Number of protein chains: 2
Amino acid sequence: MKKGQRTKQQIISSVAPLFNERGYFATSMADVMRVSKQQKGTIYRYFASKDELAIAAFDYAYAKVKKRFAKAIKDKTNTVERLIAIVEIHAELLEDPFFEGGCPIFNTAVEGDDTHPELFARALRAMQEWQEMLKITLVKGIERGEMQALNPDEVSSIIISSLEGSIVMAKLYADKKHIKQMAKHLRNYILTNVAK
Amino acid sequence: MKKGQRTKQQIISSVAPLFNERGYFATSMADVMRVSKQQKGTIYRYFASKDELAIAAFDYAYAKVKKRFAKAIKDKTNTVERLIAIVEIHAELLEDPFFEGGCPIFNTAVEGDDTHPELFARALRAMQEWQEMLKITLVKGIERGEMQALNPDEVSSIIISSLEGSIVMAKLYADKKHIKQMAKHLRNYILTNVAK
């Protein structure tokens, strides 16, 4: 990696948790300078605007989540086990200080579509991708007879909503037990209401 | 109500949905002027700062939610019915254009505690109050033998997280079906896993 590329990456990785914690609007260029330890001129050499940097930060955070997910389900061939692994990776993921601010997708969703339309569109695409991954697992599970013939659209929405809600609860109460309880609850739900 | 009081109330009620939709930071004084149809001078006559107005807007939105809740559970003496009514009021509440932006408590929670500490503290207090209401219903349900001896802390966290998560999903996908599905799912959960 060339020096310029390294500096660009260093800026992105250092500001991504900040954008995630505070949101796009509440993060100022002064915050970006402080956290990245870079001069304004250097930041603007790599990013035309705060917008561009916010998008790069979102992409970075989302790629980090996806990598963890892929690792968690890699060796799970049974669809029920795979679904449970997806649920349980959340509790682990939030142990990483990087995600102290919660889920980048949901945080961006809450900011709304008129605050930063391009960022919102990215969050929507990320959510669709994530839900699709769950739906594929559910469809496969039904085909293989490992799962009950439920509606994959509904079940995936319920699992994601529940997990995401518990992440915000944990942020509000500053207590991760809300995520752990939810993971346990969903594990039980999957075993008794989704699995055959 | 005196004219001054009326103007103040009109400003609060007109800007409350905006603060809820866009968040504290993304809402500018220009937005406030546009939506309230008031001059800057008039707004500053009643509110010392955007901070003060944001807090008044939050209190207004929260009072609106509480009123609906109280009405929904008023005639429910059975604790299981009461719990289901609390769940189902969410789907109805979100039909009100006022709450297009989602739940004021959760939206504020996502903005984080360092963005606007006083607003965050208010969101936390509101959540504690709400969870307490659910916990009281659960404790009563257990005492009366209408519910299983579950942990009220956990069950209330699971119900609130699930509902709130589905509200954000609905905002992201611009589709209220996510809330309706969740209400149905929680109804079933309460009847089979919480009720005796």
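Residues numbered from 1 in each chain as written. Chains lettered and ligands numbered in written order. Predicted model: local features only at pLDDT ≥ 70, side-chain atom pairs only at ≥ 80, totals over all residues. Heavy atoms only, no water.

With that settled, consider helix α8 (residues 152–173) of chain B. Residues and elements named next belong to chain B. In this model α8 runs 32 Å from its N-terminal to its C-terminal C-alpha over 22 residues, within 8% of the 32 Å that 1.5 Å per residue would give. When you tally the buried positions in α8, you get 19 out of 22 residues, the bulk of the element. A positive phi of about 50° marks Ala174, the residue just after α8. (Helix = DSSP H or I, 4+ residues; strand = E, 2+ residues; numbered from the N terminus. Expected span 1.5 Å × (residues − 1). Buried < 20%, exposed > 50% of the residue type's maximum accessible area, 1.4 Å probe, protein only.)

Another aspect to go through is the nonpolar core. What tends to happen in soluble globular proteins is that the nonpolar side chains get buried as a cluster. The biggest cluster of nonpolar side chains holds 134 residues, and the ones touching the most others in it are Ile105(A), Ile159(A), Ile190(A), Ile105(B), Ile159(B) and Ile190(B). Filtering out sequence-adjacent residues up to four positions away, Ile190(A) remains in contact with Val80(A), Leu83(A), Ile84(A), Val87(A), Ile159(A) and Ala195(A). (Core = buried A, V, L, I, M, F, W, Y, C linked by side-chain atoms within 4.5 Å. Contact = heavy atoms within 4.5 Å.)

What follows is about the interface of chain B and chain A. Taken together, the contact between chain B and chain A spans 42 residues of the former and 42 residues of the latter. For the pair chain B and chain A, the summed buried surface comes to about 3700 Å²; carbon and sulfur atoms form 63% of the total. Of all residues in chain B, Val110(B), Leu172(B) and Tyr173(B) give up the largest surface area on contact with chain A, accounting jointly for 18% of the area buried on that side. Inspection of the chain B/chain A interface yields 10 residue pairs in polar contact (both at pLDDT 80 or more). (Buried area = accessible area lost by both parts, 1.4 Å probe. Polar contact = N/O pair within 3.5 Å; in protein donor to acceptor, adjacent residues only side chain to side chain.)

Let's shift gears to the relation of the copies chain B and chain A. Mapping chain B onto chain A is achieved by rotating through 180° and translating by 0.0 Å along the same axis, at an RMSD of 0.0 Å. The two molecules are tied by a two-fold rotation axis, judged by turn and shift. Comparing contact sets, 100% of the residues at the interface of chain B also lie at the interface in chain A, consistent with an isologous, same-surface contact. (Least-squares fit on C-alpha atoms with pLDDT ≥ 70 in both.)

Here the focus is the packing of helix α5 (residues 79–93) of chain A against helix α7 (residues 117–143) of chain A. Residue and element names in this part refer to chain A. For the pair α5 and α7, the least separation of the axes is 8 Å and the interaxial angle reads 155°. As summarised for this structure, α5 and α7 are arranged roughly antiparallel, according to the angle between their axes. On α7, the residues touching Thr79, Arg82, Leu83, Ile86 and His90 of α5 are Trp130, Met133, Leu134, Thr137, Leu138, Lys140 and Gly141. Grouping the amino acids of the contact of α5 with α7 by side-chain chemistry returns 6 nonpolar, 4 polar and 2 charged. (Axes fitted to C-alpha atoms, helices over the stretch in contact; angles between N-to-C directions. Parallel < 35°, antiparallel > 145°, perpendicular 65-115°, else oblique. Nonpolar A, V, L, I, M, F, W, Y, C, P; charged D, E, K, R; others polar.)

This brings us to the packing of helix α5 (residues 79–93) of chain B against α8(B). Residue and element names in this part refer to chain B. At a minimum axis distance of 10 Å, the contact between α5 and α8 shows a crossing angle of 15°. Taken together, the axes of α5 and α8 lie roughly parallel to each other. At the point where α5 passes α8, the crossing takes the right-handed sense. Contact residues: Leu83, Val87 and His90 in α5; Ile159, Leu163 and Ile167 in α8. When the residues that make up the contact of α5 with α8 are grouped by side-chain class, the tally is 5 nonpolar, 1 polar and no charged. (Left-handed = near helix turned anticlockwise from the far one by under 90°.)

Another aspect to go through is the side chain of Glu111(A). Residue and element names in this part refer to chain A. Topologically, Glu111 is positioned in helix α6 (residues 104–111). Notably, Glu111 is buried but unbridged: the nearest opposite-charge side chain belongs to Lys50, and the N-O separation is 8.0 Å. A polar side-chain atom of Glu111 sits 2.9 Å from the main-chain amide nitrogen of Tyr24. (Lys, Arg positive; Asp, Glu negative; His and termini not counted. Salt bridge = Lys/Arg side-chain N within 4 Å of Asp/Glu carboxyl O.)

Quick look at unusual backbone geometry now. The backbone of Lys37(A) shows a phi angle near 55°, a positive value even though the residue is not glycine. Tracing the sequence through the fold places Lys37(A) in the loop between α2 (29–36) and α3 (40–46). Among the residues examined, Lys37(A) registers a relative accessible area of 72% and is labelled exposed. Look at Ala174(B): it is not a glycine, yet its phi comes out positive at around 50°. When you line up the elements, Ala174(B) lands in the loop between α8 and α9 (177–194). Given the relative accessible area of 71%, Ala174(B) is considered exposed.

What follows covers the packing of aromatic side chains. In total, this model carries 10 aromatic pairs over all chains according to the counting rule given. Ring geometry for Tyr24(A) and Phe25(A): centres 5.5 Å apart, planes at 90°, overall edge-to-face. Plain terms: the ring middles of Phe58(B) and Tyr62(B) are 6.2 Å apart, the flat faces sit at 20° to each other, and that makes the pair stacked. On the criterion of helical spacing, the pair formed by Phe58(B) and Tyr62(B) is a turn pair, its members being 4 residues apart in helix α4 (residues 50–73). (Phe/Tyr/Trp six-rings, centres within 6.5 Å; stacked < 30°, edge-to-face > 60°.)

Once that is clear, we can look at the environment of Asp175(A). All names here are of chain A. Along the polypeptide, Asp175 turns up in the loop between α8 (152–173) and α9 (177–194). The class for Asp175 is partly exposed, based on a relative accessible area of 31%. Polar contacts involving the side chain of Asp175 include one to the main-chain amide nitrogen of Lys177, which spans 3.0 Å.

This part covers the confidence of the model for chain A. Per-residue pLDDT for chain A averages 93, and the proportion of residues at 70 or more is 100%. For this predicted complex, the interface confidence score (ipTM) comes to 0.92, while the overall pTM stands at 0.93. (pLDDT = per-residue confidence, 0-100.)

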